[in-house]
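The residues making up each chain are set out below.
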Amino acid sequence: MKHADVVSTEPAVRLFDRLPEPFKRKLEGENAWGYFEVAPLSRGLWMRERLTVFPPGTTAAECRAVVLHRNWPVVGAVVALFAMIGFGVVLAPFGAFLVAFALYGVGILLSARATHRVRRESVRLVVITVAVSGGASSYGNVQSMSMARSAFESLDIRARDEDLTPAQYEREWASIFQALKTRGAALSDELERGIGQSSS
């Protein structure tokens, strides 16, 4: 389903409405409702699965900003490297470094400002899978995440088959979002704090 085509009043978000079309398509992400990611943690903790669900009404520009914000540590480093090479022709090495550092910092600030509302209001579910006695056990929002992923998969399939209008899509998205907000967020926060304490 296409993202909401709404022009934001937030200047930082409006920047992401003015990107060239190829960049827009690359940055919007696969799903209007959010994203799912899997990350290995350690030998003891096999992996962490995280489902992030955006608040209903999230615009295309906000989705682009979220994708850029998540990837800026790598993308920004590449941009900074090319900036150092380019400006190194006309500036002293330290001057080129300052320009590159400034570009990297501006990217962090702009993407953080543009994604502030979405990141604050999003619901995040976390499942940790660990090795236990030769097998694997999962902890966290296991049931909520399974139900949410199935619900969104069904929703996206119906949207691709054109069985849903944009208004119907957003109503169902809002229904899933509200259910997750009341059931899963508190446990995810507790689990994430436990991970942070055990790894520090």
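What you are looking at is a predicted structure, and each value in this text was computed from that prediction instead of being measured.

Caption draft 1: Focus on the packing of helix α3 (residues 60-87) against helix α4 (residues 93-114). In contact at an axis separation of 8 Å, α3 and α4 are set at 175° when each is read in the N-to-C sense. By the criterion of interaxial angle, the relationship of α3 to α4 is roughly antiparallel. Seen from α3, the contacting residues are E62, A65, H69, W72, P73, G76, A77, A80, A83, M84 and F87; seen from α4, they are A96, F97, V99, A100, L103, Y104, G107, I108, S111, A112 and A114. Looking at the contact of α3 with α4 residue by residue, the class counts come to 17 nonpolar, four polar and one charged.

Caption draft 2: Highlighting the pattern of salt bridges. In total, this model carries six salt bridges according to the counting rule given. Two residues, R117 and E62, come together in a salt bridge whose shortest N-O distance is 2.9 Å. Taken together, the residues span a long stretch of sequence, with R117 in helix α5 (residues 116-121) and E62 in helix α3 at a distance of 55 residues. For E62, a relative accessible area of 7% translates into the label buried. Between R120 and E121 there is a salt bridge, with the nearest N and O atoms lying 3.0 Å from each other. Sharing partners across several salt bridges, the network here consists of E62, R117, R120 and E121.

Caption draft 3: Fine view of the pairing of strand β3 (residues 123-132). In terms of burial, β3 is largely enclosed, as seven of its ten residues are buried. Direction of pairing for β3 relative to strand β4 (residues 135-140): antiparallel, over a ladder of six bridges. When the sheet's bridge partners are listed, I128 is paired in β4 with Y139.

Caption draft 4: Region of interest: the nonpolar core. Judged by nonpolar contacts, the single largest core of 23 residues is most densely connected at Y169 and W173. The set of elements that each furnish at least two residues to this core consists of β2 (45-53), α3, β3, α6 (142-160) and α7 (166-183). Apart from residues no more than four positions distant in its own chain, W173 is found in contact with A32, W33, V53, F54, P55, P56, G57, T58, F152 and L155.

Caption draft 5: Looking closely at a nonpolar patch on the surface. Where nonpolar side chains cluster on the molecular surface, the patch consists of V75, V79, F87, V89, V90, L91 and L103 and spans about 580 Å² of accessible area. Top element by residues in the nonpolar patch is α3. It accounts for three residues. Mapped onto the elements, L91 comes out in the loop between α3 and α4.

Caption draft 6: Focus on the confidence of the model for the protein. For the protein, per-residue confidence averages 79 on the pLDDT scale, and 74% of positions sit at 70 or higher. Per-residue pLDDT, averaged within each element of the protein, yields its smallest value for helix α8 (residues 185-199) (47) and its largest for α5 (91). Note that residues 194-200 has pLDDT below 50 and, in this model, two contacts with residues that lie over four places away or in other chains.

Caption draft 7: Quick peek at the packing of aromatic side chains. Within this structure, the stated rule accounts for six aromatic pairs. Measuring from ring centre to ring centre gives 6.1 Å for W72 and Y104, while their planes differ by 35°; the resulting arrangement is tilted. On the criterion of sequence distance, the pair formed by W72 in helix α3 and Y104 in helix α4 is long-range, its members being 32 residues apart. Residue W72 is classed as buried on the basis of its relative accessible area, which comes to 10%.

How each quantity is defined
- Residues numbered from 1 in each chain as written.
- Predicted model: local features only at pLDDT ≥ 70, side-chain atom pairs only at ≥ 80, totals over all residues.
- Heavy atoms only, no water.
- Axes fitted to C-alpha atoms, helices over the stretch in contact; angles between N-to-C directions.
- Helix = DSSP H or I, 4+ residues; strand = E, 2+ residues; numbered from the N terminus.
- Parallel < 35°, antiparallel > 145°, perpendicular 65-115°, else oblique.
- Contact = heavy atoms within 4.5 Å.
- Nonpolar A, V, L, I, M, F, W, Y, C, P; charged D, E, K, R; others polar.
- Salt bridge = Lys/Arg side-chain N within 4 Å of Asp/Glu carboxyl O.
- Buried < 20%, exposed > 50% of the residue type's maximum accessible area, 1.4 Å probe, protein only.
- Pairing = 2+ DSSP bridges.
- Core = buried A, V, L, I, M, F, W, Y, C linked by side-chain atoms within 4.5 Å.
- Patch = residues over 30% accessible without salt bridge, like charges linked within 9 Å, V, L, I, M, F, W, Y side chains within 5 Å.
- Areas by Shrake-Rupley, 256 points an atom, 1.4 Å probe, with all protein chains shown as cover.
- pLDDT = per-residue confidence, 0-100.
- Phe/Tyr/Trp six-rings, centres within 6.5 Å; stacked < 30°, edge-to-face > 60°.

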